[in-house]
Amino acid sequence: MTRDRTAGITLALGAAAVSGVAVFVNSYGVRAVPDATVYTTAKNLVAAVVLAVVAALVARRRTDRERRDRPRLQPRQIVGLAAVAAIGGSIGFVLFFEGLARASSTQAAFLHKTLIVWVAVLAVIILRERLGLLHVAAIAVLVAGQAVLSGGVSSLRFGVGEWLVLAATVVWSAETVLVSWLLREVPVRYVALARMAGGTALLMAWLVVTGRWSTLVGLSAEGWLWAVVTGLILAGYVALWISALAKAPAIDVTAVLVPAAVVTGVLNVVVNQAPVTPSNTTGMLVVLVGAALAIGAATSRPALGSRPRESL
């Protein structure tokens, strides 16, 4: 495995840890604010501000030569960044958090983690990524582990919330492939800012159109506290996730993100004193085995082509 590939998988593991915490914390935050879209907009605004500040600090440290040599975006890349802002930074979030407010957290987590299936299909078709037998085995084991953690596929019931979460998952899979394509030529910080700053602007416009702007402005202190906490977590996740996609294939990165469910499960046991059952213990172990297979599959890939090596 190349040094960049190793860094990409390591970053993806970090993103998985952050994602596991995010799912757990958001299950509280989304219920603290009556309107899920308002909550999403508030926390995304916090994340966008954090990423913008970090990007500005990084830009200030660059030399004059580095500023002159910075890439100039082509029209197709600008369209791609706008699409990331729309589908990933706004539509996906609205669908997911509206669904999370209505669905059970375990079923929402399972549906969200089927992201690897959708990404694998799209990455093979669009990005021409290779999908070997080890990848297929890893994906199968990861999905099976998620199913066990959620109480089995037979317990899955599709209400409005579950359909919204599934729709968000499909939308985010398309975004993952688009982001991976953009990162072949576009720096990480451009993509991260497009996703969060552009997406947040669209979310705010949607609140104005739907007459809910006053709800955002009048958000309680408790609501803003949850927005700040989850927004900071989201900023960290986006930075790690996009940096990982800049260095490793979309299938590998998405597969390595699945163990976030283990982090969420452990937090439920430690914080909420959820019972430790043979089912959830087995599910966590199966997910970890799947993650190990995914990392093994990543090490067997040939080297990637040229990609931006810079951080956020």
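As the structure is a computational prediction, the values presented were derived from the model and not from experiment.

Draft legend 1. Local environment of the confidence of the model for the protein. Here the protein averages 87 in pLDDT, while 90% of its residues score no lower than 70. Within the protein, helix H11 (residues 221-245) carries the highest mean pLDDT (95), whereas helix H3 (residues 64-68) carries the lowest (57). A low-confidence stretch, residues 304-309 (pLDDT under 50), is modelled with 20 contacts involving residues beyond four sequence positions or located in other chains.

Draft legend 2. Up close: the nonpolar core. Counting residues in each nonpolar core, the largest one holds 78 residues, and the members touching the most others are Phe97, Leu183, Val191, Val238, Trp241 and Ile242. Discounting residues that sit within four places of it in the chain, valine 191 has contacts with Leu81, Val84, Val179, Leu182, Leu183, Val186 and Ile242.

Draft legend 3. Representation of the packing of aromatic side chains. Taken as a whole, this structure holds 9 aromatic pairs when the rule is applied. Ring plane angle 10° and centroid distance 6.4 Å describe the contact between tyrosine 28 and tryptophan 226, whose orientation is recorded as stacked. In this pair, tyrosine 28 is assigned in helix H1 (residues 3-32) and tryptophan 226 in helix H11, connecting sequence segments 198 residues apart. Note on tyrosine 28: relative accessible area 33%, which makes it partly exposed. Judged by its relative accessible area of 22%, tryptophan 226 falls in the partly exposed class. Residues tyrosine 237 and tryptophan 241 carry aromatic rings whose centres are separated by 6.2 Å and whose planes lie at 5° to one another, so their mutual orientation is stacked. In this pair, tyrosine 237 and tryptophan 241 are both assigned in helix H11, 4 residues apart and thus about one turn of the helix distant. Using a relative accessible area of 17% as the deciding quantity, one classes tyrosine 237 as buried.

What counts, and at which threshold
Residues numbered from 1 in each chain as written. Predicted model: local features only at pLDDT ≥ 70, side-chain atom pairs only at ≥ 80, totals over all residues. Heavy atoms only, no water. pLDDT = per-residue confidence, 0-100. Helix = DSSP H or I, 4+ residues; strand = E, 2+ residues; numbered from the N terminus. Contact = heavy atoms within 4.5 Å. Core = buried A, V, L, I, M, F, W, Y, C linked by side-chain atoms within 4.5 Å. Buried < 20%, exposed > 50% of the residue type's maximum accessible area, 1.4 Å probe, protein only. Phe/Tyr/Trp six-rings, centres within 6.5 Å; stacked < 30°, edge-to-face > 60°.

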